[in-house]
Amino acid sequence: MSIHWKKPVLYAALGCSLLISLPALAVDEGLQVQMLKQMFRLDQAQWPQTLKDNAGLIDDSFFERIDQRIRWSATNNQVEDAIRFAMVGDFACDAIGRQGGYRLGLIEAFTKAGNSELAQGLVDNILITDPNNQPAHFLRAGFRRDAMDTGGALEDYQWCIDKNYQVAASYYFMAAIYVVMDKQAEARRLIEKCLSVDPHFDGAEGMLAKLMPQTVDPAIPNIFNDIPLPENTQPVVQRKVDPKMHDQYFAKAEAAFRAGKFKEAEDSYVDAINADRNHPDDWIFLAALHYRLGKFDLGLRELRAGITLDPKRVDAWRYVGCCYERMFDRSQSANELKFAKQAYQKALELQPGDPVATMGLERLATKKPKAADS
């Protein structure tokens, strides 16, 4: 393998990252070397057991020599050798019940040297040999987040939370992911959890301030007033729900929607809403489902609820425009054409240049309402 690192940066990182032990030359070095040579002839899967079988040869002098070998590899650009001996160090720690961290130290060194590819590969290596390594899961979450693998990152951060490791930080980074996904309500819920764990977590207060629901802008055209709405403006409770299960209901709805199981998705969105009616995503995504099914009146009712919770949701205003446009295509009503234009225009006010709203207005410019009866 011919992969180079920045030696001064890496060497400095190694100085503060790897385990350092005081010399205690109680075990004959020749026996330790012989044991390692025999072990290196075996598959890596057999290394941990070999070290356990020879635990009597593992003392402070052994770890000092491991440190020295890794440092030598760092100064001589021997990447594979450094990784191999970092693995030996960790397995030897496990063999005698000692806290390891050689590979984690090397990951920090790779990261500081600007080689995230090597760092990420070593994180994967740790998780193969130690699937419950908490720092490695947290590090992998960060690499996945940087690679836009949002599902993988969320999975790792949730795993860390369940293990009570880096809980505040995991909530914070999960919230940041949902901000990018334009799921503001979910992001707000997570950042509030972050602050409940650590009220002074860096950046959390600022994120929360940006995510707080805005009061309804009186300048927003209330385009719902001029059309009849169903009397029941809340979904009917179809079965008992557990408020603590809101996230699970929502996740089940999204999975069902992606699988084309629209009835199951509809039921689960309704469950999520009944578990907690203050999430605009629930209302807006249910509206999107009803729009797809051609139930535009239901979609508009749900969009009204979603926009009341978050009046600056561009995707909601797009769907309002789309619902009214499809309704106009059926009825040729001048009012529905007007409402569609207002909604698309509002989306463009919130997000100038929005392609969906722009194309919507371009289509509407070619459509004419049915002439009024004389």
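Residues numbered from 1 in each chain as written. Predicted model: local features only at pLDDT ≥ 70, side-chain atom pairs only at ≥ 80, totals over all residues. Heavy atoms only, no water.

Undergrad: How do you make sense of the confidence of the model for the protein chain when you look at a structure like this?
TA: When pLDDT drops low, the exact placement of atoms in the prediction is not to be read closely. In this model, the protein chain carries a mean pLDDT of 80, and residues with pLDDT of at least 70 account for 84%. Taking the mean pLDDT of every element in the protein chain, the minimum, 41, falls on helix 1 (residues 7-17) and the maximum, 93, on helix 9 (residues 150-162). With pLDDT under 50 throughout, residues 214-221 is counted as low confidence; its partners more than four residues away or in other chains account for 10 contacts. Below pLDDT 50 for its whole length, residues 227-233 participates in nine contacts with residues either more than four positions away or in separate chains. (pLDDT = per-residue confidence, 0-100. Helix = DSSP H or I, 4+ residues; strand = E, 2+ residues; numbered from the N terminus. Contact = heavy atoms within 4.5 Å.)

Undergrad: Just to check I follow, could you spell out the packing of aromatic side chains for this structure?
TA: The geometry of an aromatic ring pair is captured by the separation of the ring centres together with the interplanar angle, meaning the angle of the planes. Per the stated rule, a full pass over the model turns up 17 aromatic pairs. Between phenylalanine 63 and tyrosine 102, the aromatic rings sit 6.3 Å apart at their centres with planes inclined by 15°, giving stacked as the arrangement. Here the residue phenylalanine 63 occupies a position in helix 4 (residues 60-75), and tyrosine 102 occupies one in helix 6 (residues 102-112), the gap between them amounting to 39 residues. For the pair phenylalanine 63 and tyrosine 102, a shared accessibility class is recorded, and that class is buried. Pairing tyrosine 324 with phenylalanine 339 gives two aromatic rings, centres 5.1 Å apart and planes at 55°, and the pair type is tilted. Of this pair, tyrosine 324 sits in helix 17 (residues 314-331) while phenylalanine 339 sits in helix 18 (residues 334-350), placing them 15 residues apart in sequence. (Phe/Tyr/Trp six-rings, centres within 6.5 Å; stacked < 30°, edge-to-face > 60°. Buried < 20%, exposed > 50% of the residue type's maximum accessible area, 1.4 Å probe, protein only.)

Undergrad: What is the right way to look at the packing of helix 7 (residues 116-129) against helix 8 (residues 134-146) in this model?
TA: What describes two packed helices is the angle between their axes and the distance between those same axes. Look at helix 7 against helix 8: their axes get within 9 Å of each other, and the N-to-C directions meet at 140°. With respect to each other, helix 7 and helix 8 are oriented oblique. Judged by the sense of rotation from one axis to the other, the crossing of helix 7 with helix 8 is left-handed. Between helix 7 and helix 8, the residues in contact are Ser116, Ala119, Gln120, Val123, Asp124, Ile126 and Leu127 and Ala136, His137, Leu139, Arg140 and Phe143, respectively. In terms of residue class, the contact of helix 7 with helix 8 is made up of seven nonpolar, three polar and two charged. (Axes fitted to C-alpha atoms, helices over the stretch in contact; angles between N-to-C directions. Parallel < 35°, antiparallel > 145°, perpendicular 65-115°, else oblique. Left-handed = near helix turned anticlockwise from the far one by under 90°. Nonpolar A, V, L, I, M, F, W, Y, C, P; charged D, E, K, R; others polar.)

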